[in-house]
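Below are the chains, spelled out letter by letter.
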Amino acid sequence: MKNFKNLLLVALLFSVATVIGQTRISGTVVDETNEPLPAASVVIKGTSTGVETDFDGKFTITSSANSGTLVISFIGYRTKEVSFSGAGDLGTIKLDEDNILDEVVIKGLIDVAKDRQTPVAKSTIKAAEIQEKLGSQEFPEILNNTPSVYATKSGGGFGDARINIRGFSQENIAVLINGVPVNDMENGRVFWSNWAGLSDVTTAMQVQRGLGSSKLAISSVGGTINIITKTTDKQEGGSVLSSVGNDGYFKNVFSYSTGKNEKGFAASFLLSRTAGDGYISGTKFEGYNYFIGLGWDKGDHNFQFMLTGAPQTHNQRTTSFFNMATLADYLQYGKKYNYNHGYLNGQEFNWRKNFYHKPLTSLNWTWEINDNSTLTTSAYVSFGRGGGTGDIGRLAGNFASSSRFRDTTTGHVLWDEIVKANSGQGGTFSNGFTYSNPVDATTGLFIVNDDELQANAVPAGLTRRNGFIRRASVNSHNWYGLLSNFNTQLNENLTLDFGIDLRKYKGIHYRRIDNLLGANGYRDNDDINNPLNVLSREYSSDLSSLWNVFRSTDAEQKINYWNDGLVRWFGVFGQLEYVTDEISLFVQAAASQQGFKRIDYFNYLNTDPARETAWQNIMGGNIKGGINWNIDENHNIFGNAGYYSKQPFFDAIFLQFRNVINPNPRNEKIVGLELGYGYTSESFRANVNVYRTQWKDRFLSVSSRFNGVQGSADLQGIEQVHTGAELDFTFDATDRVRILGMASFGNWEYAGNVSGTAFDQNQTAIGTIDLFLDGVKVGDVAQFTSRLGFDFKVTDNFKIDYSQRFVDKLYARINAEDFDTANHQGSLRLPGYSVSDLGASYRWNFKSDQSLNFRLNVNNLFDNEYIIESATNIFANPGDATYLGVNTRNKVFFGFGTTWNFTVRYNF
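Residues numbered from 1 in each chain as written. Predicted model: local features only at pLDDT ≥ 70, side-chain atom pairs only at ≥ 80, totals over all residues. Heavy atoms only, no water.

Our focus in this paragraph is the overall build of the chain. Of regular secondary structure, the chain possesses seven helices and 54 strands. Taken over C-alpha atoms, the radius of gyration comes to 29 Å for the chain, in line with the 29 Å a tight globule of 908 residues would show. A principal-axis box enclosing the C-alpha atoms of the chain has dimensions of 100 × 70 × 55 Å. Evaluated residue by residue, the chain yields a buried proportion of 56% over its 908 residues. Considering only intrachain contacts with a sequence separation of at least 6, the fraction spanning at least 24 residues in the chain is 67%. On the chain, roughly 36700 Å² of surface is accessible, and the fraction owed to carbon and sulfur atoms is 54%. Charge centroids of the chain, computed over 82 positive and 93 negative side chains, lie 2 Å from each other. (Helix = DSSP H or I, 4+ residues; strand = E, 2+ residues; numbered from the N terminus. Rg over C-alpha atoms; globule rule 2.2 N^0.38 Å. Buried < 20%, exposed > 50% of the residue type's maximum accessible area, 1.4 Å probe, protein only. Contact = heavy atoms within 4.5 Å. Areas by Shrake-Rupley, 256 points an atom, 1.4 Å probe, with all protein chains shown as cover. Lys, Arg positive; Asp, Glu negative; His and termini not counted. Charge placed at Lys NZ, Arg CZ, Asp CG, Glu CD.)

Let us look at the nonpolar core. Membership of the largest hydrophobic core comes to 50 residues, with the highest contact counts inside it found for Phe139, Leu143, Ile163, Met205, Ile225 and Ile227. Ranked by residues supplied to this core, first place goes to strand β11 (residues 173–177) with five residues. Those residues in contact with Leu143 that sit more than four places away from it in its chain are Ile125, Val149, Ile163, Met205, Val207 and Ile225. Listed in part, the 40 residues of the second largest apolar core include Leu327, Val835, Tyr866 and Phe894. (Core = buried A, V, L, I, M, F, W, Y, C linked by side-chain atoms within 4.5 Å.)

Here we come to the confidence of the model for the chain. Of the residues in the chain, 92% reach a pLDDT of 70 or more, and the chain-wide mean stands at 89. The model gives residues 10–19 a pLDDT under 50, and that stretch makes zero contacts with residues more than four places away or in other chains. Within the model, the stretch residues 98–107 combines pLDDT values under 50 with 40 contacts to residues more than four positions away or in other chains. (pLDDT = per-residue confidence, 0-100.)

Together, Glu52, Asp300, Glu368 and Asp371 line one region of the surface with negative charge. By the secondary structure assignment, Asp371 is in the loop between β24 (360–368) and β25 (373–395). (Patch = residues over 30% accessible without salt bridge, like charges linked within 9 Å, V, L, I, M, F, W, Y side chains within 5 Å. Salt bridge = Lys/Arg side-chain N within 4 Å of Asp/Glu carboxyl O.)

Counting buried positions along β25 gives 21 out of 23 residues, so the element sits mostly inside the fold. Inspection of the sheet shows strand β23 (residues 353–357) paired to β25 by four bridges, in the antiparallel sense. If you follow Phe355 over to β25, its bridge partner there is Gly387. For β24 and β25, the ladder comprises nine bridges, and the chain directions are antiparallel. Directly across from Glu368, in β25, lies its bridge partner Thr374. (Pairing = 2+ DSSP bridges.)

Our focus in this paragraph is the pattern of salt bridges. Tallied over the entire structure, the rule returns 34 salt bridges. With a shortest N-O distance of 2.7 Å, Asp200 and Lys251 are connected by a salt bridge. Residue Asp200 is found in helix α3 (residues 198–201), and its partner Lys251 is found in strand β16 (residues 250–257); the two are separated by 51 residues along the sequence. Considered together, Asp200 and Lys251 belong to a single accessibility category, that of buried residues.

Right under this line is the structure:
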């Protein structure tokens, strides 16, 4: 007992001596309006010792030194350094707002690059800029003002935008929401229509070009888009927004936060609705967005619950090669022409309609174990329900894409005539073509037979090629995941992170009847278990059908195909980071095992064991590292390098859309190198970087005609090499004028040729395909972009902004049939273009805690005409019809003309 008392006395004396030897500094961080900034980062310069401000912007930090400098930063504000000497309260520290996010310090799962520390090329856009400048554009388009990014509206439907970074498409760009990966587990795609309301809840968005700083083993070949959404706000308040724009655009948003109560609870809510007719003809849309955030701060433990989703429907102008309009069609019918569009019973009707609801729910737990260690864990789940409609069948031997079924004057689909033809009343189409569906001999009804019956021999008594219907391709999923990261500060300069990444995914794929278009039923012969099955149930694709994502889809009547894709993921990762005033470096490593399984309910008998494959498990991973050297207060240089071994996508494991297992699937190999320089002064900031990315062993599935027979081939071993240079800068010419600019120069090419065996629909080999790709420019993306703009603060409450963007070295999409001989002409280069955007904002502060904000955006101010993409590589020969120097037989999309929107926001 005496020894225990002595030990206790020694421990007490040691603790007192430690406290006496430390310096406690406190203060309050506020913005320009003296509002507190919660979760601002406060770090002792030259160390990794840091804290975050509380809900009231207050902080207390302990230093082992009696004097030093605090570095204070917050999303969307200029970083500030404040000196201290001895213990005490520094009082109120005001941060100035910044249009460019200079430094972000977020602990846990969100790997956001920090200025003059993280050695990666990046661009960050904060919430204020998104809310002001995005307007009615698609969410990815806000990144068009950053280097090496090419984002377009593609077909022009609501949410149908796509984005490329450094020449790599969306499948090879990692998209994270609050650190959670959202790329499709089977094919890597991101459908922005599923996240149509994301801009309403985004706090900041950072694009990291190249390998990026994420610790996860994710597909960041071209880059990483890190989207940080709002969590539970700590202060009471809210806003109401209303926005109008061209072509019937109308949007309303309401948000409210309760603020943190005395027990540490807080809640935030948001609801919005967006609707319009669409700039492109026949692309009417309607979507909702909801957000619920619940928070509980329990001292060392913090819990954040989030639920967000965006159910939506929108008519489309499809990007399908076979259904796209030619340049000649647009010259005849106008630049807004939509070849899927027409009128049924006087109402807008479209072959292509997208409908989807993909809510994301997460529960985040942060445990401050002690002053040095933190454990952050996120459990999340997503149930996606929906798909897209299209045509199926043939009418009198003609596909729906035939010009016979379109009005020669307007180009509209003749829906009413199709209904008459399907229902036996006789439809009259272009050029006097008529057709009437005969009564089905076995049912006495008007039945449309499926493609297989129409294309091949027909059983006795059945009519072939007798009509088409609108089907829906359903691509639903159930997705569960768990991310956990342990962060520990080994000393003042060294930090260690390690964690796990677990995911379980089930993709549910089938087709169903959407609209019989006058027929009484549809005969499906694709289900081997139910041959010649006549079905008549029509399923709604309206918005009201999307809200219940928990409903079972097993009982729905299915046609054409039905299969499940199962993916399971187990990943581990780790990072060691060293930070001083002058040097920061990191080393990361991650490994993952992906398991793939396919279940096919149509192509295999119920009793056939082959209908369900065994798990195909493939290992992958990456290792990367980088270093940043702050030469002085103005100059820094950085470099990074890394190697990825990336597992192939689902369709590279199971070939020809069946349970045919690839005997030798190859991991894609990516090697990335990057060097950069940064300059920072009080009024001028610039970044210059060069890079090289080598991407080997790509998998590509191509469909074309081989030896006169339609078939497909699966090709492995494709290689691409992407090199380039990037520049971005901001210059504060005065305290009211900021000039912004960027330029990116790319040289993105294929390296080497590839070959493979082609198979017909019966899986019979029909020939060999050779693709002569060596030196061909990567298509569907602009290899040069630049931008010059300014922000002018006319008064304290009124500002205008202008941006001029330039695009060149834009090449058409790569198609296999264009490169099957060595004598091809390469990728078709499309004409470059320039687009101007103008915006104006006014803020009226009529109470200390209330304001009205007005915003006007005008995109493509001068109504420039330009082509954004081409699905074909048809060069112009002497005598060919051309427009803008492009052969009019090419299948293209024009960019939007002048569009506008006006927004009023009330903050309280």
